[in-house]
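Each chain, letter by letter, is given below.
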Amino acid sequence: MNILKFFTAGSVDDGKSTLIGRLLYDTDSILADQLEALQNSNRKNDDGTIDLAILTDGLRAEREQGITIDVAYKYFQTAKRKFIIADTPGHIQYTRNMVTGASTANLAIILVDARNGVVEQTIRHSYLVSLLGIKHVVVAVNKMDMMDYSETVFNSIKDKYKALAQNLNLIDVNYIPVSALKGDNIVQNSERMDWYKGESLLHFLEQVDTDNLDKSQLARMPVQWVIRPQTDELHDYRGYAGRVLSGTFNLNDKITVLPSGASSTVEKIEFFDQTLDAAHAGQSVIIHLKDDVDISRGDTIVNASALPQETKLIEADLCWMDGRALDTSIMYLIQHNSKTTKCKISEILHKVDINTLEKHPADEFKLNDIGRVIVKTADALAFDLYDDNRANGSAILIDSRTNLTVGALMFRASVE
Amino acid sequence: MSEYNFDYLDELEAEAIHILREVAGQFEKPALLFSGGKDSITLVRLAEKAFRPGKFPFPLVHIDTGHNFEETIQYRDEMVSRIGEKLIIGSVQQSIDEGKVIEQTGKNASRNALQTVTLLDTILEHKFDACIGGARRDEEKARAKERIFSVRDEFGQWDPKRQRPELWNIYNGKIHKGENVRVFPISNWTELDVWNYIRRENIALPSIYFAHQRDCITRNGQLMAASPFLNMDDEDVVTNKKVRFRTVGDMSCTAAVESDADLIDDIIQEISESKISERGARLDDKVSEAAMEDRKKGGYF
Ligand SMILES: Nc1nc2c(ncn2[C@@H]2O[C@H](COP(=O)(O)OP(=O)(O)OP(=O)(O)O)[C@@H](O)[C@H]2O)c(=O)[nH]1
Ligand SMILES: [Mg+2]
């Protein structure tokens, strides 16, 4: 059985949390004591039925205000699949929390309120989905109960979104009319929308194939920790511990260590009490090399026949996530896998106007702004382009005055 | 490319090992909070997988309420000597003796809340900058909101409204002096995942997780082990029952469930069919809707 990680997005009050609650409720994933807590809660729907949104709105402030502030993670499984859900906030103020939930997912459910159609937040979140390279999108047109379950309403929203999807290069987009509140097309197909011939949301999620994701063949392993027991029996033991980001390392593969450029051969691959013939993407292992090269945390071991880019000047998309605006005159820290180095944003190439998706020149970058910049790093980074290899093409910016994570970077090109 | 089998437990395991190694790489003085429960026992196995044949780059820290199940302490001591790692004990009794906290009184008295003070003192005394814990997001709705690297201020407080973005698998462990980070490598595991992992890895557990005969009383609808740590009176009727524990904490706040499951397969079967959550057996969470959130804001695990 494999895991599907997905998240909900869309504007405030479009029904994201209710939809997750409905999915859990209708799959019998809510246990008796949790249900009892829901029944005892004083947040109820207008008709007195339980408010399913409070299953994920776990903070006091969220329950009081009736909105989601930070991402909640929920887990459930059916006979076919395990699911990790991130329920993210729709409010623009909390966009950074939406990006947090989205960054580890491989499928997005974008909710649209059938009464309002595609609004600015729908566009913003869809744009972020495309920047983050999330290949699978479900557009759930919600609150169909408030629009008489009308096929016409659904179709007109679908057409509107199709234009947006094309503009954003979203390839695999599926449309489902739902009512999160009443449960239509969430787990069971709705009798009230017999004009809809597609699958229910759950059924779709159970069988969607996301295996084609993150399948970069480029072998990369950032070294997180060097294991040197230095005991009598293991006097010369020196193993490089890390998680294979992408590709495969086989025994006897020729490798290069970056940034030093030293080359060697894979001598041994260990995983706790086992020795392996190969280490694949996703595995946390220990690699031994034939030669005594100088390697420490922050270095990357790569296949010698497919080297990454290596430069100190990178063009990247930036999402700004801090209340303090970007300051192009100061130094930030950039964290790329296990490496952290100083950097500056040396140039803002453009900023994107979310409503029109047009690119404009800009000289300031504030909370929730998205655009293209040039990053100048103190040490060269060994990276791949985000679209080629998500895992080795992303980084975060840290403000060393506050230690906060202030930006998300997706590498698009190295600057000559 | 050779075919390989990488199922969901392998994926969760590899993620947790990655997180543990990030802690080793990013912090000066980390610690692993070890309670003697199944989640922290799982963490120890994951740490072995992350760092063997080397030593752990951190000690184990047990915040000892003094109201433990005997079996847990015995397990702890045996395990520590088997793995050959350092154990530091922070004692709630000592915090009481030093007058830093005051023992609760009354029928529902528990040392659960007092632990936070001892924990923060232990962090301060040893200057720990990161504490690894076995909390999982599926346990409780406030935990479902917490980051894997969760920054606490000088007073140990969690501020749920000001969490840092946490993107991809990149964890920002930068902090100011006095702050520390709580790190939760098994955030994405469910209770059942932990049990399936324990079965797969053949990990030994304290015997109280398996069905056994025990003297119990009923408190607030929950079955509690009769012990000198419960303030019992004439109303409490002691009956001997076959029980096991689903989660293990302090004796005064951990409830038992009636069960015949004395093998791990039976336990997994029982949990798969159970209609009650794991935390349903914790009195500490029953206090109010925001009980866990409030404790976390106060510096709890
Ligand atoms: N009639 C109707 N109301 C709905 C439906 N889905 C959600 N709602 C209501 O819409 C309101 C907002 O729902 P939430 O689930 O909290 O919305 P959200 O998208 O999670 O909002 P944020 O997380 O704050 O962005 C609640 O009052 C819900 O009961 C639906 O299908 N039909
Ligand atoms: Mg919500």
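Reading guide: rules and limits
- Residues numbered from 1 in each chain as written.
- Chains lettered and ligands numbered in written order.
- Predicted model: local features only at pLDDT ≥ 70, side-chain atom pairs only at ≥ 80, totals over all residues.
- Heavy atoms only, no water.
- Donors = N, O, S within 2.8 Å, 3.2 Å for Na, K, Ca; no water.
- Helix = DSSP H or I, 4+ residues; strand = E, 2+ residues; numbered from the N terminus.
- Buried < 20%, exposed > 50% of the residue type's maximum accessible area, 1.4 Å probe, protein only.
- Domains from an automatic or database assignment.
- Contact = heavy atoms within 4.5 Å.
- Buried area = accessible area lost by both parts, 1.4 Å probe.
- Salt bridge = Lys/Arg side-chain N within 4 Å of Asp/Glu carboxyl O.
- Polar contact = N/O pair within 3.5 Å; in protein donor to acceptor, adjacent residues only side chain to side chain.
- Nonpolar A, V, L, I, M, F, W, Y, C, P; charged D, E, K, R; others polar.
- Near = heavy atom within 4 Å.
- Axes fitted to C-alpha atoms, helices over the stretch in contact; angles between N-to-C directions.
- Parallel < 35°, antiparallel > 145°, perpendicular 65-115°, else oblique.
- Pairing = 2+ DSSP bridges.
- Expected span 1.5 Å × (residues − 1).
- Patch = residues over 30% accessible without salt bridge, like charges linked within 9 Å, V, L, I, M, F, W, Y side chains within 5 Å.
- Areas by Shrake-Rupley, 256 points an atom, 1.4 Å probe, with all protein chains shown as cover.
- Lys, Arg positive; Asp, Glu negative; His and termini not counted.
- Charge placed at Lys NZ, Arg CZ, Asp CG, Glu CD.
- Phe/Tyr/Trp six-rings, centres within 6.5 Å; stacked < 30°, edge-to-face > 60°.

Points about the coordination of the magnesium ion (ligand 2)
Residues and elements named next belong to chain A.
1) Next: Taken together, the protein ligands of the magnesium ion (ligand 2) are Ser 17 (OG) and Thr 68 (OG1), with distances of 2.0 Å. One end of the pair, Ser 17, is in helix H1 (residues 16–26); the other, Thr 68, is in the loop between helix H3 (60–65) and strand S2 (72–77), with 51 residues separating them in the sequence. Take Ser 17 and Thr 68: they sit in the same class, and that class is buried.

Some thoughts on the domain arrangement of chain A
All names here are of chain A.
1) Next: Assigned domains within chain A: domain 1 (2–214), domain 2 (220–303) and domain 3 (309–414).
2) Next: Using C-alpha coordinates to define each centre, domain 1 is positioned 29 Å away from domain 3.
3) Next: Counting residues at the interface gives 22 residues for domain 1, matched by 16 residues for domain 3.
4) Next: The contact between domain 1 and domain 3 buries some 1,600 Å² in all, and 59% of this surface belongs to carbon and sulfur atoms.

Overview of the domain arrangement of chain B
Residue and element names in this part refer to chain B.
1) Next: Along its sequence, chain B is organised into domain 1 (8–193 + 290–297) and domain 2 (207–278).
2) Next: Between the C-alpha centres of domain 1 and domain 2 the distance comes to 24 Å.
3) Next: Listed per partner, the contact involves 21 residues of domain 1 and 25 residues of domain 2.
4) Next: Roughly 1,900 Å² is buried in total at the junction of domain 1 and domain 2, and carbon and sulfur atoms are behind 50% of that figure.
5) Next: At the surface where domain 1 touches domain 2, the tally comes to two salt bridges.
6) Next: The closest approach of N and O atoms between Glu 191 and Arg 246, which form a salt bridge, is 2.8 Å.
7) Next: Counting across the interface, domain 1 meets domain 2 through three residue pairs in polar contact (both at pLDDT 80 or more).
8) Next: For the side of domain 1 that touches domain 2, the class distribution of residues is three nonpolar, 10 polar and eight charged.

Side note on the site of ligand 1
All names here are of chain A.
1) Next: Close to ligand 1 lie 20 residues; Lys 16, Ser 17, Thr 18, Thr 68 and Asp 145 are nearest.
2) Next: One nitrogen or oxygen atom from the main chain of Asp 13 is found 3.0 Å from an oxygen atom belonging to ligand 1.
3) Next: Sorting elements by how many residues they give to the shell around ligand 1 places H1 first, with three residues.

Description of the packing of helix H2 (residues 38–51) of chain B against helix H3 (residues 70–83) of chain B
Residues and elements named next belong to chain B.
1) Next: Close contact between H2 and H3 brings their axes to 13 Å; oriented N to C, the two are set at 0°. It follows from the interaxial angle that H2 and H3 lie roughly parallel. The segment H2 lies against H3, with Ile 41, Val 44 and Glu 48 engaging Tyr 75, Met 79, Arg 82 and Ile 83.
2) Next: By residue class, the composition of the contact of H2 with H3 is five nonpolar, no polar and two charged.

What about the interface of chain A and chain B?
1) Next: In this complex, chain A contributes 76 residues to the contact, which on the side of chain B involves 62 residues.
2) Next: Across the chain A to chain B interface the summed buried area is about 5,900 Å²; carbon plus sulfur atoms make up 57%.
3) Next: Summed over the three residues of chain A that lose the most area to chain B, namely A:Tyr75, A:Phe272 and A:Asn403, the buried surface amounts to 11% of that side.
4) Next: The interface formed by chain A and chain B includes four salt bridges.
5) Next: Put simply, B:Arg147 and A:Asp70 hold a salt bridge, and the shortest N to O gap is 3.1 Å.
6) Next: Counting every contact that joins chain A to chain B gives 25 residue pairs in polar contact (both at pLDDT 80 or more).
7) Next: Here the side of chain A that touches chain B is composed, by residue class, of 37 nonpolar, 26 polar and 13 charged.

Description of the sheet that holds strand S3 (residues 87–91) of chain B
Residue and element names in this part refer to chain B.
1) Next: Sheet architecture is open: six strands sit in the order S3-S2-S1-S4-S6-S5, paired in mixed fashion. Edge strands, defined here as strands with exactly one partner in the open sheet, are S3 and strand S5 (149–152). Shown here is a sheet whose adjacent strand axes are inclined to one another by a mean of 30°, direction ignored.
2) Next: Of the strand pairs in this sheet, strand S1 (residues 30–33) and strand S2 (residues 60–64) are connected by two bridges, and their pairing is parallel. Looking at S2, one finds that Leu 32 is bridged to Leu 60.
3) Next: Its contacts with the sheet place helix H1 (residues 8–26) against S1, strand S4 (130–132), S5 and strand S6 (180–183), and it is angled at close to 45° to S5.
4) Next: In the packing of H3 onto the sheet, the strands contacted are S2 and S3, and the crossing angle to S2 comes to about 165°.

Quick look at H2(B)
1) Next: Given a rise of 1.5 Å per residue, 14 residues ought to cover 20 Å, and the 20 Å separating the end C-alpha atoms of H2(B) matches this to within 8%.
2) Next: The buried count for H2(B) comes to 14 of 14 residues, which makes it a mostly enclosed element.

Description of a positive patch on the surface
Residues and elements named next belong to chain B.
1) Next: A surface patch of like charges, here positive, comprises Lys 29, Lys 86, Lys 127 and Lys 177.
2) Next: Among the structural elements, Lys 86 can be located in the loop between H3 and S3.
3) Next: You can call Lys 86 exposed: its relative accessible area is 55%.

Quick notes on the pattern of salt bridges
1) Next: This model, assessed by the stated rule, comprises 42 salt bridges over all chains.
2) Next: Note that A:Lys268 and A:Glu270 form a salt bridge whose closest N and O atoms lie 3.9 Å from each other.
3) Next: For A:Lys268, a relative accessible area of 33% translates into the label partly exposed.
4) Next: Accessibility expressed as a relative area gives 12% for A:Glu270, which makes it buried.
5) Next: Close ionic contact of A:Glu315 with A:Arg372 constitutes a salt bridge, the shortest N to O distance being 2.9 Å. Pair noted here: A:Glu315 is in strand S17 (residues 309–320) and A:Arg372 is in strand S21 (residues 370–383), with a separation of 57 residues, a long-range link.
6) Next: The network of salt bridges with shared partners includes B:Asp7, B:Asp10, B:Glu13, B:Arg45, B:Glu48, B:Lys49, B:Arg82, B:Arg200 and B:Glu201.

Focus: the side chain of B:Asn196
1) Next: Topologically, B:Asn196 is positioned in helix H6 (residues 191–201).
2) Next: Setting aside residues up to four positions removed in sequence, B:Asn196 forms contacts with B:Tyr8, B:Leu9 and B:Ile268.

Section: the packing of aromatic side chains
1) Next: As enumerated under the stated definition, the model contains 16 aromatic pairs over all chains in all.
2) Next: A ring pair is formed by A:Trp320 and A:Tyr332, whose centres lie 5.9 Å apart and whose planes are at 80°; its orientation type is edge-to-face. In this pair, A:Trp320 sits in strand S17 while A:Tyr332 sits in strand S18 (residues 332–336), placing the two residues 12 residues apart along the sequence.
3) Next: The buried category is assigned to A:Tyr332, whose relative accessible area is 1%.
4) Next: Ring plane angle 20° and centroid distance 5.2 Å describe the contact between B:Phe149 and B:Tyr171, whose orientation is recorded as stacked.

Structural notes on the packing of H1(B) against H6(B)
For any two helices packed against each other, one specifies the crossing angle of their axes together with the interaxial distance.
All names here are of chain B.
1) Next: Orientation of H1 relative to H6, taken along the N-to-C sense of each, is 95°, at an axis distance of 11 Å. Considering the angle they form, H1 stands roughly perpendicular to H6. For the pair formed by H1 and H6, the contact residues are Tyr 8, Leu 9, Asp 10, Leu 12 and Glu 13 on the first element and Asp 193, Asn 196, Tyr 197, Arg 200 and Glu 201 on the second.
2) Next: Tallied by class, the residues present in the contact of H1 with H6 amount to four nonpolar, one polar and five charged.

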